[in-house]
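For reference, the chains in residue letters:
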Amino acid sequence: MAASRRFAVVSVITLLFVLLTIVPTMVGFVTDLFWFREIGYQAVFITELTTKVGLFVLAGLVTYGFLAVNARLARSGPSRVPVLWRMSPELPPVDVAASLSKVATPLVFVLAFLFALGAAGSWMDLLKFINRTAFGATDPVFGRDIGFYVFVLPAIATLLGSLRSLVILTLFGVVVLYILRGRISLPPQRITLSSPADRHVAALLVGYLFLTALQIWLVRIPELLYSTTGPLVGASYSDLHARLPALHAVAGTAIIGIGLVLYGMLRGKIVWFTLMGAAAYVIVSILAGGIYPYLVQRFVVAPTELTRELPQLRSHINATRQAWGLANVETRDLSGDAGLSLDDIRANSATIQNVRLWDRTPLLKTFGQLQEIRTYYDFISVDDDRYVIDGRYRQVLLSPRELNAASLPKRTFINQHLTFTHGLGLTLGPVNEVTVEGLPVLYIKNLPPVSTVSLKVTRPQLYFGELTDEHVFVNTRQPEFDYPSGNEDVYTRYRGTGGVRVGGFIKRALLSMRFGALNILFSGDIGSESRVLYNREIKGRVRQALPFMRFDSDPYLVIDNKGELYWMVDGFTTTNRYPYSQELDDGTNYMRNSLKVTVDAYNGTLAAYVADPSDPLIRTYAKIFPGIMKPISAMPADLRAHIRYPRDLFRVQAGLYATYHMNEPKTFYNREDQWQVPATPDQKDDDDRFMRHLVMRLPDETQPEYIYMAPFTPRQKNNLAAWMVARNDGANYGRLRVYRFPKQSLVYGPLQITSRINQDTEISRELTLWDQRGSQVIKGELLVIPIEEALIYVQPIYLQAEGGQIPELKRVVVAFQDRVVMSETLESGLTRLFAGQGRVAPQPGAAATQAAADTTRPSTAPVAPTGTPATIGAAPSAASGSLLREAQDHYTRAMAAQRSGDWATYGQEIQRLGDVLRRLNAGGR
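On a predicted model such as this, the values are computed, not experimentally measured, just so you know.

(A) Structural detail: the pairing of strand β11 (residues 426–430). Of all the 5 residues making up β11, 5 are buried; the element is thus mostly covered by neighbouring parts of the structure. With 5 bridges connecting them, strand β8 (residues 392–400) and β11 associate as antiparallel partners. The partner of leucine 397 across the bridge, within β11, is glycine 429.

(B) Representation of helix α9 (residues 305–323) within the structure. For α9, which comprises 19 residues, the first-to-last C-alpha distance of 25 Å matches the rise-based estimate of 27 Å (1.5 Å per residue) to within 8%. Along α9, the largest kink reaches about 45 degrees and is centred on proline 311. Listed in full, the buried residues belonging to α9 are Glu305, Glu309, Gln312, Leu313, Ser315, His316, Ile317, Ala319, Thr320, Arg321 and Ala323. Contacts from the buried residues of α9 go to α7 (237–267), α8 (270–301), β23 (590–600), α19 (647–660) and α20 (665–670). Glycine 325, located one to two residues past α9, shows a positive phi value of around 70 degrees.

(C) Focus on the sheet that holds strand β18 (residues 500–501). Here 3 strands make up an open sheet; going across it, the order is β15-β19-β18 and the pairing antiparallel. Each edge of the open sheet carries a strand with a single partner, namely β15 (472–474) and β18. One ladder, built from 2 bridges, connects β18 with strand β19 (residues 531–533); its direction is antiparallel. The residue bridging valine 500 from the neighbouring strand is valine 532, located in β19.

(D) Representation of the packing of α7 against α8 within the structure. Where α7 contacts α8, the two axes come as close as 8 Å, and the packing angle between them is 175 degrees. By the angle between their axes, α7 is roughly antiparallel relative to α8. Classifying every residue of the contact of α7 with α8 gives 22 nonpolar, 10 polar and 1 charged.

(E) Highlighting the environment of tyrosine 580. Here tyrosine 580 is to be found in the loop between β22 (565–575) and β23. In this structure the C-alpha to C-alpha distance between tyrosine 580 and leucine 313, which are 267 residues apart in sequence, comes to 9.2 Å. Reaching out from tyrosine 580, the side chain makes a polar contact with the backbone oxygen of alanine 235 at a distance of 2.7 Å.

(F) Examining the pattern of salt bridges more closely. Under the criterion given, the structure shown has 33 salt bridges. Linking glutamate 48 and lysine 52 is a salt bridge whose minimum nitrogen-to-oxygen distance equals 2.9 Å. On the criterion of helical spacing, the pair formed by glutamate 48 and lysine 52 is a turn pair, its members being 4 residues apart in helix α2 (residues 42–75).

(G) Structural view of empty space enclosed by the protein. All told, the structure shown has 2 cavities of 30 Å³ or more when counted by the stated rule. Roughly 80 Å³ of volume is contained in the largest cavity. If you trace the largest cavity, you find 13 residues lining it, with Leu403, Ala405, Leu467, Thr468 and Arg536 closest to the centre. Among the residues forming the lining of the largest cavity, the class breakdown is 5 nonpolar, 5 polar and 3 charged.

(H) Region of interest: the nonpolar core. Among the nonpolar cores identified, the biggest contains 133 residues, and Tyr41, Leu428, Leu546, Val597 and Met724 are the most heavily contacted of them. With 9 residues, helix α5 (residues 146–180) is the single largest residue contributor to this core. Once residues lying within four places of it in the same chain are set aside, the contact partners of leucine 546 are Tyr41, Phe551, Leu595, Val597, Ala608 and Ile628. Leu698, Trp723, Phe741 and Val813 belong to the second-largest nonpolar core, a separate cluster that totals 61 residues.

(I) Structural view of the side chain of glutamate 372. Following the sequence through the fold, glutamate 372 ends up in the loop between α12 (360–371) and β6 (377–378). Despite its burial, glutamate 372 pairs with no opposite charge, the nearest such side chain being arginine 401 at 8.2 Å. In contact with glutamate 372, not counting residues within four places along its chain, are Phe367, Tyr377, Asp378, Phe379 and Arg401.

(J) Seen up close, the packing of aromatic side chains. Within the structure shown, the criterion is met by 31 aromatic pairs. With centroids separated by 5.1 Å and ring planes inclined at 40 degrees, the aromatic side chains of tyrosine 660 and phenylalanine 668 adopt a geometry described as tilted. Overall, the relative accessible area of 1% leaves phenylalanine 668 in the buried class. The structure contains a cluster of three or more aromatic residues connected by ring pairs, namely Tyr376, Tyr377, Phe420, Phe481 and Tyr491. Lying across the ring of phenylalanine 129, arginine 132 places its NZ or CZ 4.6 Å from the centre.

(K) Geometry of the packing of α5 against helix α6 (residues 197–220). Between α5 and α6, the least distance of the axes is 10 Å, while the angle of their chain directions is 160 degrees. Here α5 lies roughly antiparallel to α6, going by the angle between them. Of the two elements, α5 crosses α6, and the hand of that crossing is left-handed. Its residues assigned to classes, the contact of α5 with α6 shows 20 nonpolar, 5 polar and 1 charged.

(L) Examining the side chain of histidine 200 more closely. Residue position: histidine 200 is located in helix α6. One polar contact links histidine 200 to tyrosine 178, side chain to side chain, over a distance of 2.9 Å. Residue contacts for histidine 200: discarding those within four places in its chain leaves Asn70, Leu73, Ala74, Val174 and Tyr178.

(M) Inspection of unusual backbone geometry at higher detail. Proline 448 follows leucine 447 through a cis peptide bond whose omega is -15 degrees. Tracing the chain through its elements places proline 448 in the loop between β12 (444–445) and β13 (450–451). Phi is positive for glutamine 716, close to 65 degrees, though the residue is something other than glycine. By the element assignment, glutamine 716 lies in the loop between β28 (705–714) and β29 (722–727). Positioned with a positive phi, glutamine 817 is a non-glycine residue whose angle comes to about 55 degrees. By the secondary structure assignment, glutamine 817 is in the loop between β34 (808–816) and β35 (819–823). When its relative accessible area of 37% is taken as the criterion, glutamine 817 is described as partly exposed.

(N) Inspection of a nonpolar patch on the surface at higher detail. A contiguous nonpolar patch, built from Val282, Ile283, Ile286, Leu287, Ile291, Tyr294, Leu295, Phe299 and Val300 and spanning about 830 Å² of accessible area, is present on the exposed surface. With respect to the helices, strands and loops of the structure, isoleucine 283 is situated in helix α8. The exposure class of isoleucine 283 is partly exposed, given its relative accessible area of 49%.

(O) The environment of proline 678, seen in detail. Structurally, the position occupied by proline 678 is in the loop between β26 (675–676) and β27 (692–696). When its relative accessible area of 3% is taken as the criterion, proline 678 is described as buried. Along the primary structure proline 678 and phenylalanine 712 are separated by 34 residues, whereas in three dimensions their C-alpha atoms are 6.5 Å apart.

Conventions we followed
Residues numbered from 1 in each chain as written. Predicted model: local features only at pLDDT ≥ 70, side-chain atom pairs only at ≥ 80, totals over all residues. Heavy atoms only, no water. Buried < 20%, exposed > 50% of the residue type's maximum accessible area, 1.4 Å probe, protein only. Helix = DSSP H or I, 4+ residues; strand = E, 2+ residues; numbered from the N terminus. Pairing = 2+ DSSP bridges. Expected span 1.5 Å × (residues − 1). Bend = angle between axes of the 7 residues up to and from the residue. Contact = heavy atoms within 4.5 Å. Axes fitted to C-alpha atoms, helices over the stretch in contact; angles between N-to-C directions. Parallel < 35°, antiparallel > 145°, perpendicular 65-115°, else oblique. Nonpolar A, V, L, I, M, F, W, Y, C, P; charged D, E, K, R; others polar. Polar contact = N/O pair within 3.5 Å; in protein donor to acceptor, adjacent residues only side chain to side chain. Salt bridge = Lys/Arg side-chain N within 4 Å of Asp/Glu carboxyl O. 1 Å grid on protein atoms, 1.4 Å probe; cavity = no way out; pocket = protein on both sides within 12 Å on 5 of 7 lines; lining within 4 Å. Points joined across faces, edges and corners; volume = space filled by probe spheres on them. Core = buried A, V, L, I, M, F, W, Y, C linked by side-chain atoms within 4.5 Å. Lys, Arg positive; Asp, Glu negative; His and termini not counted. Phe/Tyr/Trp six-rings, centres within 6.5 Å; stacked < 30°, edge-to-face > 60°. Lys NZ or Arg CZ within 6 Å of the ring centre and 35° of its normal. Left-handed = near helix turned anticlockwise from the far one by under 90°. Patch = residues over 30% accessible without salt bridge, like charges linked within 9 Å, V, L, I, M, F, W, Y side chains within 5 Å. Areas by Shrake-Rupley, 256 points an atom, 1.4 Å probe, with all protein chains shown as cover.

That is the geometry; function is a separate question.
Quick look at the structure:
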């Protein structure tokens, strides 16, 4: 009866283990394979799985065999003076060693299983070792190719570390067994080892000491190149001249210890000779490995650190610049005292007309209030991009309209997974245009998306996005909600190729277990031809498909020439094994933007393109997973036109270049010319304050281009020292350039300009008056705009009514050198700022074409649209001049009517003003 009860308990426990662990694991494997096959990346899944299984089996067999053999040797032969344990006076004593022998096999199995799991986790290290690619550069100490440190050293370190752990664990286990079986005697008697315990223990000690010596020579010595003991990352003077010979001495002591153990075994005094070897090893490790390097650092290096570390500093600087892609940064010197004229403004009209007057935060609020349409739609991010719109190269801000399932009015299985399956379209507008009400001009808006320009959206459904974190079923008997239309809803049916086909009962059951929903198994709405879309969230989708890559934190949406929507994500190859290179907080010390990934927002089709074929890491991954990565030339031209330099990489490079532009070791050591990317006191870690995408014409270039720009100020100073750009267009993509100002000149930096704006009495008075009228003034981000060899600063000012949620653009602050003005438009600000240097033609219809209008009482009255800045400074014809005067008259009367509260007259004058503007745009007819 007792036996049957124990059998039942064991059976229940086994069944629960299978149901709770093995079955979910197998279901996960199978449904993951379905997904990888759907996107065409089954090579990644199969390669990872087979490598893990192979390592698991190999490591498990080796570990089990090694432990089992040693356990059998330790249990062989009769016990000499066994350890007995009497549980009670009535029961006979129990041989502890014999009892332990009964559980030896299960224990060995468990240990082998744990070692096998650890080995399986090193699958990528093994594949990179097998498929390694040479870097073509060598370290400055040992002369090895960098590929040795990136691909070979991690595999050796893992192997030797595992073997040492296995040997020391085995040694501990057999010593315990021998003690329990009386083969090793302990105090108060004399410590002795009888045969075969002495030979067995000696063999394990020899193995451990040999592996220790190998680890020192093959791992610890090369890892000196990652040392942080000196004033740099990498082997310092004390590492090379004290720690390196000390490690050789410690390894030599381990080899001597092997001899002592063997000699002690032959003489029958293994304990004492082992203790002598261990003591020698510890003493040499402390003296040579710790005290000696400290003395060298303290009394040899510290008094003359710069002289001693000069070669190592040079190696550190060169390695860091190479590892982080800073070795080929182009530099240009600017005069620092360049002025700006109206001719310069006219020559840079492409820059002026793309000045970003809308910040992401207020624009996101505005999009949310004006374009979400329904509560279950969300705009969660705003992205910069550039398009040729109506023949003009324009910078735009766009935001996808995604479905937020958490905001559905009723969350049922059908609603969440069958009916509300996708977001719809996007909102897109230029960075600098404003409506009469102070709101952004929208080129693409509403549901379904309507475009007022040449850029069209023909397939607006977003089945894959940044909010799509739940699975959905398409091609079901339930219609899919597409968009609201008046009092009715418009429905659609999925016509794409994405998703995993549901199929028959077994596959449906697997999917039901995968998602934990019995409705999937029994729903009559889901048929065999239905498809399930999962892993739909963009960042998670690309990480699942390409687990060996790191990805940028900011995916962005692109419209191709056919009006279809694609997500673009930047992929990075990284390592923490580049010798002498400066590391980030997470240990990364090498990074390349080697991959561009596109994801079809409708079908979920994923394509990976190699953007940097010279990177040894991406070439190694291409060998490991053949066929899944295409050359960048294979990317469709309309998508390739929208690749951009990744935000995360540029932030890191700009931060490092602030220090590592000093490539002379003495200057670097003293930090004589250290820069910093300016930051405001309230800046968050993930903020990109003062780092901006711009469309501009760089100095010495002839065409405007899309760039990513960051300013530099000297450390603990606020004047500008330089500015850095990452170029994005055409053949110049990926090139970094730095424009430097002379050290002896004063060029105002962002924080200095911010202080001047805050201290300007006229600006402060107007903003204070606004705040006192029950409205909230929101200061936009200060923009640094390079023009020729000079800089202008632009800061938008938004007004948000008390209790309102829609910020309106009401003023623009423009600063150049020591002059600051605030106007209703950028054009009028430039007019005032450069009025003494030449005539700026008033912008037709702009609300501040006369200086008097700049200081009108702040009000909530709407501002006329911002015109095309390209007309600044243009000489008007006679007909245009007449129309300009007429426009000014209508504007003046409209403002007078607004101040007197005569809104009827105000509306009539604004309408007449619009008629004049249309005539001006038509050429004065």
